[in-house]
Structures are given as structure tokens and as C-alpha cells.
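Now for the letters of each chain:
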Amino acid sequence: MAPDGRLRYKWRGEDPHHPENRALRAAMEDQLPLIWFFGVGPGEYKPIFPIYLVAEEQDSHQFVVAMDEEQRESVGGTAEEHVRNYLRVERNQRMHQRIFRSTVMRAYTTRCAVCALRHGELLDAAHIVEDGHELGVASVRNGLALCKIHHAAFDARILGIRSDLVVEIRSDLLAEIDGPMLQHGLKERHGERLMVLPAVKKERPDVGLLELAYEKFRSA
Ligand SMILES: [Zn+2]
């Protein structure tokens, strides 16, 4: 996400004079409300409206999107306005997280990547690299569908995932004897490949992000 908390809508292709880009520019100039069918997967869209295009970033071939009427107000210098602007960014982030979750759940067919548990109410859309990190974008390639226990274990660096998609459990836990959750849920996943991955290759975890997270797991 851009630091201003606003979404970007990509041009059609790279030609500024493509009819679709010209139509979008005209809508921006007239400040017409638009509906954005935000793609969360092949053939799956979430309608978001009204949105307005508020600026164009020609170098990056994209428009800047405002999510509602309020957002189009220019940002002034008073403290109150800064607070309001902050709240708008927060709201956009919540929407990003909703989209992130539905994208990840769809890509992983609502199953935990580590244990294949298939109950949505027990699953999270986990970030491989945390949200606050500069690379921690809310993209499906930085996502994993994980059940609550595997998500917590991943965040706590008890469970690591190598870039070849094999699960590792921290060595001190491997030596521990405990109940079935430790035995089956964690220890027996050690050395096993992820059980569920997105069917679409370009939605699978990004190798660079996995390596970054794995390094932290190793240093824990
Ligand atoms: Zn699991």
C-alpha cells in the first residue's frame, strides 16, 4: 500500500491515450463516482463504491483512488484535519485487510497451508513478513492461510517455513514430550512440505519474503 493509505488503479497497458485511460481521466476531471470491481481472484470481484480518481501518476501508469466523498477534500494544516486524514488511512487499511483475507482464503481454498484444516472460523490470513515491515504488503504473495495455532506458532518463531516450502519446528520443541497438539500439530509437521498451496503459481508465497521470515525463525 502507498504511504498515503490510498489505493492505486493501474492504467490499461502503458499508453496514456488508450481509450480506457482517456475515459478514466475524463471521469477524474469531472469527478464522477465510479464502481471498482476489485479482483480478489480469477473471476471473483468485490465491488467498491463510490470511488473517485483524484490524481494521476503518469510515471507509474496509475491513478490515485479516493474511497468516498470525504476523502476528496484537500488535506489542510489544522490538527483536526490531520486527525481526520489519519482516520481515513485507518479505514483504507481495514479495507485492505478484508481484501487480503478474502484473497488469501480463496487462493488456499480456505485451508491451513501447514495442516490443511478447513474451517474458516479457525483460519487466519497470516502475513509472511509482518504488516508494518516495508516489504510487508497485503499481497497474496506475502500471505499464508494458517489455522490459529500454526499462525501463532509462525509468528512466535516456533514454526518456520523454508523457501522450498518445507516446515521446520524449533529444535527445543522437537525434544519436548507433551500432548497431541505438540505431537501431531507441531512435531509431526517438521520436515514436511506445506500441505496446501495456491493452484496459481503467481499467488504462491514469494521466495524472498519466505527467506526473510525464515532467517528470523533461525535466529530465534
Ligand atoms: Zn494448521
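Residues numbered from 1 in each chain as written. Predicted model: local features only at pLDDT ≥ 70, side-chain atom pairs only at ≥ 80, totals over all residues. Heavy atoms only, no water.

Caption draft 1: The arrangement of helix α3 (residues 148-155) in detail. Three or more residues of α3 are buried, namely His150, His151, Ala153 and Phe154. Looking down the long axis of α3, one finds its buried residues gathered within 165° of arc, a one-sided arrangement. The inward-facing, buried residues of α3 abut β5 (123-127), β6 (143-147), β7 (159-161), α5 (180-186) and α6 (207-219). Arg157 sits one or two positions beyond α3 and adopts a positive phi of about 60°. (Buried < 20%, exposed > 50% of the residue type's maximum accessible area, 1.4 Å probe, protein only. Helix = DSSP H or I, 4+ residues; strand = E, 2+ residues; numbered from the N terminus. Arc of directions from axis to C-beta. Contact = heavy atoms within 4.5 Å.)

Caption draft 2: Region of the structure containing the coordination of the zinc ion. At 2.1 to 2.4 Å from the zinc ion lie its protein donor atoms, namely Cys112 (SG), Cys115 (SG), Cys147 (SG) and His150 (ND1). Each of the four donor atoms bound to the zinc ion contributes to angles spanning 96 to 119°, and the resulting shape is tetrahedral. All donors of the zinc ion come from a single chain, and their spacing in sequence reads C-x2-C-x31-C-x2-H. Judged by relative accessible area, Cys115 falls into the partly exposed class, the value being 28%. (Donors = N, O, S within 2.8 Å, 3.2 Å for Na, K, Ca; no water. Tetrahedral: all angles 85-135°; square planar, octahedral: opposite > 155°, others 65-115°.)

Caption draft 3: A look at unusual backbone geometry. In this structure, Thr109 is a non-glycine residue whose phi angle is positive, near 45°. Looking at the secondary structure, you find Thr109 in the loop between α2 (79-107) and β5. Accessibility expressed as a relative area gives 53% for Thr109, which makes it exposed. A positive phi is found at Arg157, a non-glycine position, where the angle reads about 60°.

Caption draft 4: Spotlight on the nonpolar core. Tyr108, Ile128, Leu144, Leu146, Leu159 and Leu194 are the most contacted members of the largest nonpolar core, which has 35 residues in total. Elements supplying a minimum of two residues to this core: α2, β5, β6, α3, β7, β8 (167-169), α5 and α6. Of the domains in this structure, domain 1 (8-105) and domain 2 (109-219) are the two that each give at least three residues to this core. Once residues within four sequence positions are removed from consideration, Tyr108 is found in contact with Ala113, Gly143, Leu144, Ala145, Val196, Leu197, Pro198 and Pro205. Residues Leu24, Leu53, Met67 and Met95 belong to the second largest nonpolar core, which totals 14 residues. (Core = buried A, V, L, I, M, F, W, Y, C linked by side-chain atoms within 4.5 Å. Domains from an automatic or database assignment.)

Caption draft 5: Quick look at the pairing of β6. Burial within β6 is extensive, with five of its five residues counted as buried. Every second residue of β6 is oriented toward a common face, with Gly143, Ala145 and Cys147 on one face and Leu144 and Leu146 on the other, all of them buried. Judged from the five bridges that link them, β5 and β6 form a sheet pairing that is antiparallel. Each residue of the ladder has a partner; that of Leu123, found in β6, is Cys147. (Pairing = 2+ DSSP bridges.)

Caption draft 6: Seen up close, the pattern of salt bridges. Per the counting criterion, the structure on display carries ten salt bridges. Lys148 is the salt-bridge partner of Asp124, the closest N and O atoms lying 2.6 Å from each other. A residue pair is termed long-range when its members are at least 10 positions apart, and Asp124 in strand β5 and Lys148 in helix α3 qualify at 24 residues. The class of Lys148 is partly exposed, set by a relative accessible area of 41%. In this structure, the salt-bridge partner of Glu168 is Arg218, at a minimum N-O distance of 3.9 Å. Here Arg218 lies in helix α6 and Glu168 lies in strand β8, a separation of 50 residues in the sequence. A cluster of three or more residues bridged by salt bridges with shared partners is formed by Arg162, Asp164, Glu168 and Arg218. (Salt bridge = Lys/Arg side-chain N within 4 Å of Asp/Glu carboxyl O.)

Caption draft 7: Summary view of the confidence of the model for the protein. Confidence in the prediction of the protein, expressed as mean pLDDT, is 85, and 79% of residues score 70 or more. Scored below 50 in pLDDT, residues 71-77 makes 15 contacts in the model with residues more than four places away or belonging to other chains. (pLDDT = per-residue confidence, 0-100.)

Caption draft 8: Quick look at the pairing of β5. In terms of residue burial, β5 counts as a mostly covered element, since five of its five residues are buried. The two faces of β5 match: Leu123, Ala125 and His127 on one face and Asp124 and Ala126 on the other face are all buried.

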